[in-house]
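# A structural walkthrough
Each chain is listed here by its residues.
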Amino acid sequence: MTEKPDRYAVIGHPVQHSRSPMIHALFAKQTRQKLAYEAIDASPEGLETAVRGFGAAGGKGLNITVPHKHKAMQLCDALGSEAEQAGAVNTITFVTTTRLRGDNTDGIGFMRDLVVNHNQNVRGARILILGAGGAARGILPPLIEAEPADLVLANRTVGRAEAVVAKLGAKIEVCVFEDLGQKRPFDIVVNATSAGLDGRRPPFPAACLTPDSFCYDLAYSLKETPFVRWALERGARRAVQGWGMLVEQAAESFQIWRGVRPDTTAILAQLDRAAPRVNAS
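Note that the coordinates shown come from a computational prediction; the quantities given were computed from them, not determined experimentally.

### Focus: the overall build of the protein
- Helices and strands together make up the secondary structure of the protein, namely ten helices and 13 strands.
- For 281 residues, the compact-globule formula gives about 19 Å, and the C-alpha radius of gyration of the protein, at 19 Å, lands near that figure.
- Principal-axis analysis of the C-alpha atoms gives the protein an extent of 65 × 40 × 35 Å.
- Here the protein holds 281 residues, and the buried ones make up 50% of them.

### Considering helix α5 (residues 106–117)
- Over its twelve residues, α5 extends 15 Å from the first C-alpha to the last, a length consistent with the 16 Å expected when each residue adds 1.5 Å.
- Residues of α5 that are buried sit in contact with α3 (69–73), α6 (134–145), β10 (188–191), β11 (214–217) and α9 (243–258).
- Directly beyond the C-terminal end of α5, a positive phi value near 55° is found at Asn119.

### Concerning the sheet that holds strand β2 (residues 35–41)
- Pairing is mixed across the open sheet formed by six strands, whose spatial order is β2-β1-β3-β5-β6-β4. The open sheet has two edge strands with one neighbour each: β2 and β4 (78–79).
- As paired strands, strand β1 (residues 6–12) and β2 are joined by seven bridges and run parallel to one another. Bridged to Tyr8 within β2 is Tyr37.
- Taken strand by strand, helix α1 (residues 20–31) contacts β1, β2 and β3 (61–64), and its axis lies near 170° from that of β2.
- Sheet strands in contact with helix α2 (residues 47–56) are β1, β2, β3, β5 (91–94) and β6 (100–103), and its direction is about 175° off that of β1.

### A short note on the packing of α6 against helix α7 (residues 158–168)
- At a minimum axis separation of 11 Å, α6 and α7 run at an interaxial angle of 50°. As summarised for this structure, α6 and α7 are arranged oblique, according to the angle between their axes. Judged by the twist between their axes, the crossing of α6 over α7 is right-handed. In this structure, α6 uses Arg137, Leu140, Pro141 and Ile144 to contact α7, whose residues at the interface are Arg160, Val164 and Leu168.
- Classifying every residue of the contact of α6 with α7 by side-chain character gives five nonpolar, no polar and two charged.

### Some points on the layout of surface pockets
- Here the largest pocket defines a volume of roughly 1,000 Å³.
- Looking at the largest pocket, it is lined by 34 residues, and the ones nearest its centre are Thr65, Val66, Lys69, Ala135 and Leu218.
- At the level of secondary structure, the elements contributing two or more residues to the lining of the largest pocket comprise β3, α3, α6 and α9.
- A per-element tally of the lining of the largest pocket places α9 first, with four residues.

Basis of the calculations
Residues numbered from 1 in each chain as written. Predicted model: local features only at pLDDT ≥ 70, side-chain atom pairs only at ≥ 80, totals over all residues. Heavy atoms only, no water. Helix = DSSP H or I, 4+ residues; strand = E, 2+ residues; numbered from the N terminus. Rg over C-alpha atoms; globule rule 2.2 N^0.38 Å. Buried < 20%, exposed > 50% of the residue type's maximum accessible area, 1.4 Å probe, protein only. Expected span 1.5 Å × (residues − 1). Contact = heavy atoms within 4.5 Å. Pairing = 2+ DSSP bridges. Axes fitted to C-alpha atoms, helices over the stretch in contact; angles between N-to-C directions. Parallel < 35°, antiparallel > 145°, perpendicular 65-115°, else oblique. Left-handed = near helix turned anticlockwise from the far one by under 90°. Nonpolar A, V, L, I, M, F, W, Y, C, P; charged D, E, K, R; others polar. 1 Å grid on protein atoms, 1.4 Å probe; cavity = no way out; pocket = protein on both sides within 12 Å on 5 of 7 lines; lining within 4 Å. Points joined across faces, edges and corners; volume = space filled by probe spheres on them.

Here it is in structure tokens:
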């Protein structure tokens, strides 16, 4: 009898757009791991049932995507340090069918893409994070550890940004988007919002950019994202999408589950042929 492959999946709502099944299939082929990876659409109300059911059926691990990263953390019996810091989980490992460990690989994946793949120097840089939601919480801890000269968290409302900073216990300046025009321009600008995806112009002042600014959109698309377009039209030196972060965080999850980290270089090159990660340089 042929041995069945270990089962993994990504859970989100919606989730049909996810590239995770393709990425993990490439990882498995490269590392010669026998596994199956699928996508599961679960509403917020049905998340726990979907997670528990997957484990009961013998599932080995789950990636968690929007809008479930915070709620998924509450289902876990143990947490990795990155998940505790971020207050969110994007990787679940079934230690047993009923005992769950939660990790967050978003920050590690983001930093590897930013520093290694895009050769950006974070230490001593002026960095702006746009948006104080779950995406920002995942990348802030490693950014703080990298010792930038200044780190500013801007949000539509200042209260949410202040709550994020209070939880991290770090020295981060907060403001609303409108106040960015009164600040010095930034070396690195990271978009952690959905701004522009509804067709409206992103609500950020152009004054936060210079011709030397590097802009990074955590979102990714087969076409140019509104934030990338906004940045390039306002003279940013480079603007990239979050494809690299997607691959790098997935590689970290794969290593947690399988004990081997895939070589992401070939995977990124393959994705570039379908959707270029770098929109200007």
